[in-house]
Amino acid sequence: MSADISFQRGRRTPTLFKLLKERYTKQGLDERYIVSKWDEWGKNRSLSTFRAVKDDLIVGWIFYDRKTSTIEEIFVNTGWEGKDPRGAMIDALISRESLVAASLPKTDAEKYQFLLGYGFRPASSSRSHGSDLIKMELSTAVLLDKTRSAAPLPSYRKRERVAIEKIPPAQSYEEIKQGILNVIEKLGGMRRFVKPGQTVAIKPNIVSDHGLKDGKAIGGIVTDIRVIKALTEILLGIASHVYITEGSSINRSATGKMFAHYGYDEVVGLDPKRVTLVDLNNDRLVEKRVPGSKRLFSRKVPATLEMVDTIINVPVLKIHFAAIASLSIKNLQGAMPPIEKYMSHFFGLWQNLVNIHHLIKPKLILIDGLTGLEDFGPVSGIPRKMDLLIGGTNPVAVDAVAMRIMGLDPRVSPPVFLAWMQGFGPLEADKIDIIGPSVEDVAQKFVQPAIDVKGGTSLTIHSDEACPGCKGYLHFVLSKLRRPDPADPTRLLIDRPFEKPVNIFLGPSNIKEVKADEVNIFLGLCQQHNADKGTHLPGCPPHAEVLTSGIFSLFPDIERPKYADETEESKLKKMLEEILENRKA
Ligand code: SF4
């Protein structure tokens, strides 16, 4: 990050307007665009004018809309004689804003090339002020790289508490229940979270049906039902009603089946009049406004989560092949309606996970660490007995502690890192008070998934600088090709020779040369600018379904592996296409 550029609040002066107009004229651009923009900025209360200063000299200006986190204009002072400072200016902007997009007229080829070189990618187009505009999003991989050694500005001031509770290895129901009571006590007592007669929603992680083998719980994949049952039993002593809420992420119509699969009737049986199972994928939706947040103005959320007095988030202590860890921040993905889950891949999954925390705010987080999941979580990993419960009220602090217990640096999980950068909580160990045994006392290094994105004989993968998102999902799809080819079982499907060499590009690095006579597949937002040079699979990271169908189209004779129910996915795809179409209009 650039330490030598600082920002001062600038004003929109007539001189500045003159300089801007001159730039447009000099570059042969239609100055009517900047004239009407200037007018619009005058009325826009979320518009900041930053004057970039280096060694007491003005190097340039950025016009930044805080509400949409968009750079409306960036330009260099005509008197500046040093090298182009715009990259350093954006570095400085990112260190204070963390979320940055850019908007420009389509005809501004110079600025487009500069932004592309920095790591912005064309995301949508629109028409305004008589001009065709491009909206460019900054690649999350670039953002993560630029901010790796940065700290949020302003930093989170409050100290947070996280409770760690060791459960006896026998893990009897009574011991688990006592452990939950101890965690709640350490955090200030039940009445801090639930008042007599209030309603509570528990959000476990019931991601898929993989959590049972031969009718027995494997552990680490879904929240242990004993934790949910014991918590419900405790809550029934004070709350008027307990809702157990989940919206399964993989097969979205299967949440009801999943409740039955894991025996949730037993939990309802504690008090059938006061315990209800709610399939959030089918819940009524209410529009929720988000005052003061960046870019996210409103979203539809399940009515049950809006109606209850308290939400308790109960994730599992597990590794996620793409998000690195699946803990409290990741677990709220299941609370969003199906179309939001599907769309989140298209508009940036990691940022969307952070955005959910503007909408749904659990008062209490209780991580089920009775058995964790290492290696290929969230569903195909290896269970690891930990005998732990981890509780707290701040999602960043709780996830940071849980990751340290798993032997991970919390900064490596994109959603945890972004939530920290955007001020949701502290990630630093010295800003979190641990109540209970220390992290070092309970930590065990979890095995990390060995992500393999090597290609085959005529399939080359170009994955420089790609973030764990694309690499993780691509690994998942390529693993389905590492099996004997039915057309010639002496080789693997991935080594099948193609008529023309096939390339798969991912990550934000700028490809020097795309060979037009080869087959080229471009993944995600980072490669969106190459969409017209081959097949583009959109998303950030692309949805597993999109990647699977895109890559398996190279193997028309092979049945495509199913990620989820196809009719549901295609319904969502259609809805998304309509939304994207409306965004263009
Ligand atoms: S498109 Fe892929 S590589 Fe790029 S930021 Fe998104 S997930 Fe990472």
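In short, a report on the structure. Because the structure is a prediction, the values reported are computed rather than measured.

## A look at the sheet that holds strand β3 (residues 57–65)
Turning to step 1, where the next piece is worked out: Spatial strand order, β1-β2-β3-β4-β5-β7-β6: seven strands in an open sheet with mixed pairing. Whereas interior strands pair on both sides, the edge strands pair on one side only; in this sheet they are β1 (6–9) and β6 (120–128). Neighbour-to-neighbour, the strand axes of the sheet open up by a mean angle of 35°, direction not taken into account.
Turning to step 2, where the next piece is worked out: The pairing of β6 with strand β7 (residues 131–138) spans eight bridges and is antiparallel. Note that in β7 the partner of phenylalanine 120 across the bridge is leucine 138.
Turning to step 3, where the next piece is worked out: With respect to the sheet, helix α2 (residues 31–43) is in contact with β2 (47–54), β3, β4 (70–76), β5 (101–105) and β7, its orientation differing from that of β4 by roughly 120°.
Turning to step 4, where the next piece is worked out: Here helix α3 (residues 86–97) sits on the sheet in contact with β1, β2, β3 and β4, set at roughly 55° to β3.

## A short note on the environment of serine 479
Turning to step 1, where the next piece is worked out: Within the secondary structure layout, serine 479 lies in helix α17 (residues 468–479).
Turning to step 2, where the next piece is worked out: On the basis of neighbour count, serine 479 is assigned to the partly exposed category, with 15 C-beta atoms found within 10 Å.
Turning to step 3, where the next piece is worked out: Each C-alpha atom, one on serine 479 and one on isoleucine 451, is 9.8 Å from the other, the two residues being 28 residues apart in sequence.

## Considerations on the site of the ligand
Turning to step 1, where the next piece is worked out: Contacts to the ligand come from 15 residues, most closely from Cys467, Gly469, Cys470, Gly524 and Cys526.
Turning to step 2, where the next piece is worked out: Of all the secondary-structure elements, those providing two or more residues to the shell around the ligand are α5 (140–147) and α17.
Turning to step 3, where the next piece is worked out: The residue makeup of the shell around the ligand, split by class, is ten nonpolar, five polar and no charged.

## Quick word on the nonpolar core
Turning to step 1, where the next piece is worked out: Among the nonpolar cores identified, the biggest contains 149 residues, and Ile62, Leu231, Leu366, Val401 and Ala402 are the most heavily contacted of them.
Turning to step 2, where the next piece is worked out: A total of eight residues in this core trace back to one element, the largest contributor, which is helix α14 (residues 395–405).
Turning to step 3, where the next piece is worked out: The contacts of alanine 402, once residues within four sequence positions are left out, are Leu317, Leu327, Ile367 and Ile390.
Turning to step 4, where the next piece is worked out: Membership of the second largest hydrophobic core comes to five residues, among which are Leu20, Tyr24, Leu29 and Ile34.

Definitions and limits used
- Residues numbered from 1 in each chain as written.
- Predicted model: local features only at pLDDT ≥ 70, side-chain atom pairs only at ≥ 80, totals over all residues.
- Pairing = 2+ DSSP bridges.
- Helix = DSSP H or I, 4+ residues; strand = E, 2+ residues; numbered from the N terminus.
- Axes fitted to C-alpha atoms, helices over the stretch in contact; angles between N-to-C directions.
- Contact = placed C-beta atoms within 7 Å.
- Buried ≥ 20, exposed ≤ 12 C-beta atoms within 10 Å, placed from the backbone.
- Near = placed C-beta within 6 Å.
- Nonpolar A, V, L, I, M, F, W, Y, C, P; charged D, E, K, R; others polar.
- Core = buried A, V, L, I, M, F, W, Y, C linked by C-beta atoms within 7 Å.

Remember that the coordinates give geometry; whether it matters functionally is a separate question.
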